[in-house]
Amino acid sequence: MRLVEPWIKVEKIDGQKIMKKIERACRTCYRSEGNITDDSYKKLLTNCITRGHESVLEHEKVTVRIYNDIGSYKDLTRHRFASFSVESTRYCSYDKDKYGNEISFINPVYMEDKEIYNTWKNTMQEIENAYIKMKKLNASTDMCREILPHSTAAEYTMTANIREWKHILELRTTNHVHPSIRQVLIPLLLYFKEEMPEIFGNIEYDTEFNPNYYAKLLIEDEV
Ligand SMILES: Cc1cc2nc3c(=O)[nH]c(=O)nc-3n(C[C@H](O)[C@H](O)[C@H](O)COP(=O)(O)OP(=O)(O)OC[C@H]3O[C@@H](n4cnc5c(N)ncnc54)[C@H](O)[C@@H]3O)c2cc1C
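Rules of the game
Residues numbered from 1 in each chain as written. Predicted model: local features only at pLDDT ≥ 70, side-chain atom pairs only at ≥ 80, totals over all residues. Helix = DSSP H or I, 4+ residues; strand = E, 2+ residues; numbered from the N terminus. Buried ≥ 20, exposed ≤ 12 C-beta atoms within 10 Å, placed from the backbone. Contact = placed C-beta atoms within 7 Å. Axes fitted to C-alpha atoms, helices over the stretch in contact; angles between N-to-C directions. Parallel < 35°, antiparallel > 145°, perpendicular 65-115°, else oblique. Left-handed = near helix turned anticlockwise from the far one by under 90°. Nonpolar A, V, L, I, M, F, W, Y, C, P; charged D, E, K, R; others polar. Pairing = 2+ DSSP bridges. Core = buried A, V, L, I, M, F, W, Y, C linked by C-beta atoms within 7 Å.

Engineer: I tried to follow the environment of Arg 2 on my own but got confused; where do I start?
Structural biologist: With respect to the element layout, Arg 2 can be found in strand E1 (residues 2-4). Residue Arg 2 is classed as partly exposed on the basis of its C-beta count, with 14 C-beta atoms lying within 10 Å. Separated by 105 residues in sequence, Arg 2 and Asn 107 have C-alpha atoms that sit 8.9 Å apart. Beyond its immediate stretch of four places on either side in the chain, Arg 2 contacts Gly 100, Glu 102 and Ser 104.

Written as structure tokens, this is what we have:
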């Protein structure tokens, strides 16, 4: 059994470029392309968002790759305007060399109580023992996956347009949301706030959430 930490990779973006492209598309509405200046996108986007004219944000998209527990993608895949490719528990057989012959579980660092944490950890070990035993008995991966818990680590690629990201980050970074999702999405929101303050700047998130729990955010050319 391997206990692993979550991470989120986000494709390197140029926030200003994204916002300028959205401005260009938006100005079609008013045929005001001639009013574009170096920073005219700022006022335009702020006005659009204030008035709910948000469909213009759909012209640009961002892709991320997330390594987190199955529970997190179970929740995030509910967002109908995002696209997902998720590691398959039907095809990935964790007894194979490729996976180190063991199951990786996301370490729930937010379980601070030692007794609770140890109960969780012992349960994961028992699950892994059962998974490997079933495999030795020639059970198919379809059968074995029935015992995998929410904590199982998995990778998934997620793409959404800027409007949907705004919606997802508004909903999924508050204290009502499972900690494993806050762990990956708060760092993403902070990155978007820096890159695209006119769009993401006003989104409120759970500032009480311990930053030590934040997943590592990796900015890459390709995810
Ligand atoms: C704190 C929290 C707790 C939750 N608890 C539960 C739970 O206990 N059980 C559960 O089943 N789910 C739960 N959910 C999931 C939630 O109900 C949504 O399914 C999920 O957040 C997807 O968001 P969304 O519906 O806004 O849709 P998205 O698919 O992201 O769509 C974006 C927006 O498009 C519009 N839209 C999309 N589809 C339609 C449609 N068919 N008709 C009209 N408008 C539409 C809506 O305005 C929607 O907000 C929870 C979510 C959160 C954040």
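There's more to say after this.
Engineer: For this particular structure, what's the right way to read unusual backbone geometry?
Structural biologist: Both trends apply: most residues other than glycine have a negative phi, and most peptide bonds are in trans. Notably, Arg 31 is not glycine yet its phi reads approximately 45°, a positive angle. Position of Arg 31 among the secondary structure elements: in the loop between helix H1 (15-26) and helix H2 (40-51). On the neighbour-count criterion, Arg 31 (8 C-beta atoms within 10 Å) is exposed. In the Ramachandran plot, Asn 101 falls in the positive-phi region, its phi being about 60° despite a non-glycine side chain.

Engineer: Where do I start with the packing of H1 against H2 in this structure?
Structural biologist: Helix-helix packing is characterised by the crossing angle of the two axes and by the distance between the axes. It is at 9 Å that the axes of H1 and H2 come closest, and there the two elements cross at 65°. Comparing the axis directions of H1 and H2 gives the class roughly perpendicular. Pair H1 / H2 crosses with left-handed handedness. Here Met 19, Lys 20, Ile 22, Glu 23 and Cys 26 of H1 lie close against H2, whose contacting residues are Ser 40, Tyr 41, Leu 44, Leu 45 and Cys 48. Its residues assigned to classes, the contact of H1 with H2 shows seven nonpolar, one polar and two charged.

Engineer: Would you mind going over the sheet that holds strand E7 (residues 216-220) with me for this structure?
Structural biologist: Within a sheet, neighbouring strands are paired by backbone hydrogen bonds and run either parallel or antiparallel to one another. Overall, mixed pairing links the five strands, which are arranged E4-E6-E3-E2-E7 in an open sheet. A strand with exactly one partner marks an edge of an open sheet, and here the two such strands are strand E4 (82-86) and E7. This sheet shows a mean twist of 20° between the axes of neighbouring strands, independent of strand direction. Relative to strand E6 (residues 153-161), strand E3 (residues 61-69) runs antiparallel, the two being bridged by nine bridges. Residue pairing in the sheet places Thr 63 in a bridge with Thr 159 of E6. Running over the sheet, helix H6 (residues 162-171) touches E3, E4 and E6 and is turned about 125° from E6.

Engineer: Would you explain the nonpolar core in this entry?
Structural biologist: Considering soluble globular proteins, one finds that nonpolar side chains tend to be buried as a cluster. Counting 45 residues, the largest nonpolar core has Ile 22 and Leu 188 as the members making the most contacts within it. For this core, the element with the highest residue contribution is helix H7 (residues 179-195), accounting for seven residues. If near-sequence neighbours (up to four positions away) are discounted, Ile 22 is found in contact with Leu 45, Val 56, Leu 57, His 59, Glu 60 and Ile 162.

Engineer: Where do I start with the pairing of E3 in this structure?
Structural biologist: If a strand is regular, its side chains alternate between the two faces of the sheet. Bridge count between strand E2 (residues 7-11) and E3: four bridges; the pairing is antiparallel. Bridge pairing in E3 links Ile 8 to Ile 66.

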